[in-house]
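Structural characterization, general
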Amino acid sequence: MKININSWCHFVAVSSFLLPFAPGSTALHAQSSVQASVARGTITGTIQDPRGSVLLNAAVVVRNEATGLTKQTKSDLQGHFTVTGLPVGKYTIEASSTGFELTKKAGVPVVADQVQDVTVALSLGNVSQQVTVEAASSGSIAAQLAPMDGVLEARSAKTEISAQFIQNFASPVADSSELLQMAPGTFSVNSNGVGLGDSKTYFRGFQDGLYDITFDGIPYEDTNSPTHHSWAFFPSPWIGGVDFDRSPGGASTVGPTPFGGSINLLSRDLPVSQNIRGGVSYGSFNTMLVDAEYESGNFGGQAKKSNLFIDVHHLTSDGFQTLNYQQRDAGSLKYQYKFSDSSVLTGFAGVIQLTANTPNAKGPTRTAVATLGYNYLLNNDPTSGLYVGYNSYHVPTDFEYIGFKTVLGHGWLLDTKPYTYSYYNAQYYANTPPKTTSGLIDAGCAPSTTGKINPCAVNKLNSYRKYGEITTLSQVSKYGVFRTGLWYEWAATDRYQVPSDPRTRTDDALPNFHEKFWTNSYQPYAEYEFHATRKLTLTGGFKFAYYTQDLKQFADNGKTVGSADPITGLPFAYVRRYGTYKSYLPSFDANYRLASNWSVYGQFSTGSVIPPSNVFDVKGTVTTLPKPTGAKTYQGGSVLKLRHVTLNVDGYYTKFDDTYTSSPDPNVTSGTQYQVGGSIASK
């Protein structure tokens, strides 16, 4: 029956094609005579990906640059296409395929009775699109359906987390750390419940602060040390995929600490059709998320050059831990404007207001757990240091960027992205449980021997504003891909911890510490991806990392900087400290295709991380700064995509510097010098 139906459909199609022309054979003959008098030629060619492999079913548009005459076709199984009957002139060839950037080749000449052969190499789009393309081209059903997968183009140990997994299988209140849980060797714990606290991710033995996290390629992290806050910037509804590289990466991997790896968060893709969604999620610990999304689709006149995505949501939860409340109000916007097929402007903005009752304590004691349960944390007793009214967080954040990408011609592509973001963590917490003297309880404060209130809480602030830019210039040629660029960032930071009375929230006269500092980060790089053969790709590169710190440390109560000059003994308002760090970071890797669905790779890469600002928390001078902590990683692996199963395997050896140590400088009074404390291997 199936054969008969197909045959019948074919017959109808042929009949429909022939019938309109049967009565008009004379007119058709005359028209053909006119066409024959015009000199014509042919354009043929091959559509390739960046490594030189052919692309089947790519859309090809050939347009006459003078008359606008347009013809369309698609590449065949060998990536070839042919367009015949073209009038003599100059033509522009446009080629596109799912997961690749639209590529143009202008000024292609058509000569009478001749064939013009061209090769068009497409550039990859974002990482989530790349995974889709590879899954489809390898014919692997498992790869297309896998929530997490590797890529055949892998140059290091990578895991790609799909948008489908995030939207369909992750908790609606999850943060980035929960999205990574299924990746090999990765774990994190959120003691207050999924997405309800500031959790930290560990992998390959590296703790937070020894790897980068980026959003749409922009690194974000604290300024005093490169650690991250999973609950503060990018909740799950804003994330459209994750590119997780468990290695220092190549020279083009920018950021303050691609020491152990890079977790690259991707924003949501913009669909072509309009959509409005709303949802209410309710779960454990009285957790409720109310979320609304608007997807505009393509709009804006006949050309429809604009596209917009908006998400707003409100989260409330009692939290798993006792009285550890949390509330989050957030909104994000992503807008894209297409100037032309070769120039696109993208803007993103996200704002979050977060409040919580999390104390500074690491957790309850064993005695408290045995008595009150392992979810015990805070209480309603004003005489206790764990009184809920003495512990609070208020964390507003914002993150914005504008990206501009344009094709310059001759295979060159410019991608620039200026950005800014801020973090303002105002925390208040009590230090210790109350002590009793003469039957008096001092509301969580140690009893005073002078009759004055003895502050035992801390008023804490960690805030910063950053401005930066990432610019990449790349060229695709028949030999490979050249990339060069620069990451630059400037940041201003204000941090303090002030002793305070929790009952009145009255701060002490002098802080434990108070510092303002300014940092500059520079990372120029160059990298070449050489397509030695259709199966072998060799990539080498070099990156230079340079950082400066300028600190202004105010007088404190003597715990760190001191309230008087240690040399003269005279009081001072503040001291200035300066630091400069630099690292030279080469990389090399190779990828070989054993088959269209099977690849192997090997890599040598280097990474570094600069010391935190507390290097300068000494009463004297810093005479010898510690060097940046460095890492050298050797690794290899393989990615296999069969029809019903995928396999990703990797092995690695990393040698990295241990933490630095400090000691008094024997040649400088009140001077401190630092040394690197040896090296450690991880495998």
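A short tour of the structure in this document, coming up.

The rules behind these values
Residues numbered from 1 in each chain as written. Predicted model: local features only at pLDDT ≥ 70, side-chain atom pairs only at ≥ 80, totals over all residues. Heavy atoms only, no water. Pairing = 2+ DSSP bridges. Helix = DSSP H or I, 4+ residues; strand = E, 2+ residues; numbered from the N terminus. Axes fitted to C-alpha atoms, helices over the stretch in contact; angles between N-to-C directions. Buried < 20%, exposed > 50% of the residue type's maximum accessible area, 1.4 Å probe, protein only. Polar contact = N/O pair within 3.5 Å; in protein donor to acceptor, adjacent residues only side chain to side chain. Contact = heavy atoms within 4.5 Å. Patch = residues over 30% accessible without salt bridge, like charges linked within 9 Å, V, L, I, M, F, W, Y side chains within 5 Å. Areas by Shrake-Rupley, 256 points an atom, 1.4 Å probe, with all protein chains shown as cover. Salt bridge = Lys/Arg side-chain N within 4 Å of Asp/Glu carboxyl O.

So, on to the sheet that holds strand β5 (residues 89-96). Pairing is antiparallel in the open sheet, where four strands are placed in the order β3-β2-β5-β6. Either end of the sheet is taken by a strand with one partner, and the two such strands are β3 (70-74) and β6 (103-110). Each adjacent strand pair in this sheet contributes to an overall mean axis angle of 20 degrees, direction not counted. One ladder, built from six bridges, connects strand β2 (residues 59-64) with β5; its direction is antiparallel. Bridge pairing links N64 to Y91 in β5.

This part takes up the side chain of S177. On the secondary structure map, S177 appears in helix α6 (residues 176-179). A relative accessible area of 2% means that S177 is categorised as buried. Side-chain polar atoms of S177 contact the side chain of S199, separated by 2.5 Å. Leaving out residues up to four positions away in the same chain, S177 has contacts with S188, S199, T201 and S230.

Attention now moves to a nonpolar patch on the surface. On the surface, a cluster of nonpolar side chains totalling about 390 Å² of accessible area is made up of V280, Y282, M288 and V290. For the nonpolar patch, the elements supplying multiple residues, two or more each, are β16 (275-283) and β17 (287-295). When you line up the elements, V280 lands in strand β16. Classification of V280 as exposed rests on a relative accessible area of 60%.

Read across the open sheet, the three strands follow the order β4-β1-β7; overall the sheet is mixed. With partners counted over all chains shown, the strands left at the sheet margins are β4 (80-87) and β7 (115-121), one partner each. In this sheet, neighbouring strand axes are inclined to one another by 25 degrees on average, regardless of whether the strands run parallel or antiparallel. Strand direction decides the pairing type here: strand β1 (residues 40-48) and β7, joined by seven bridges, are parallel.

All quantities given are derived from atomic positions and should not be read as evidence of function.
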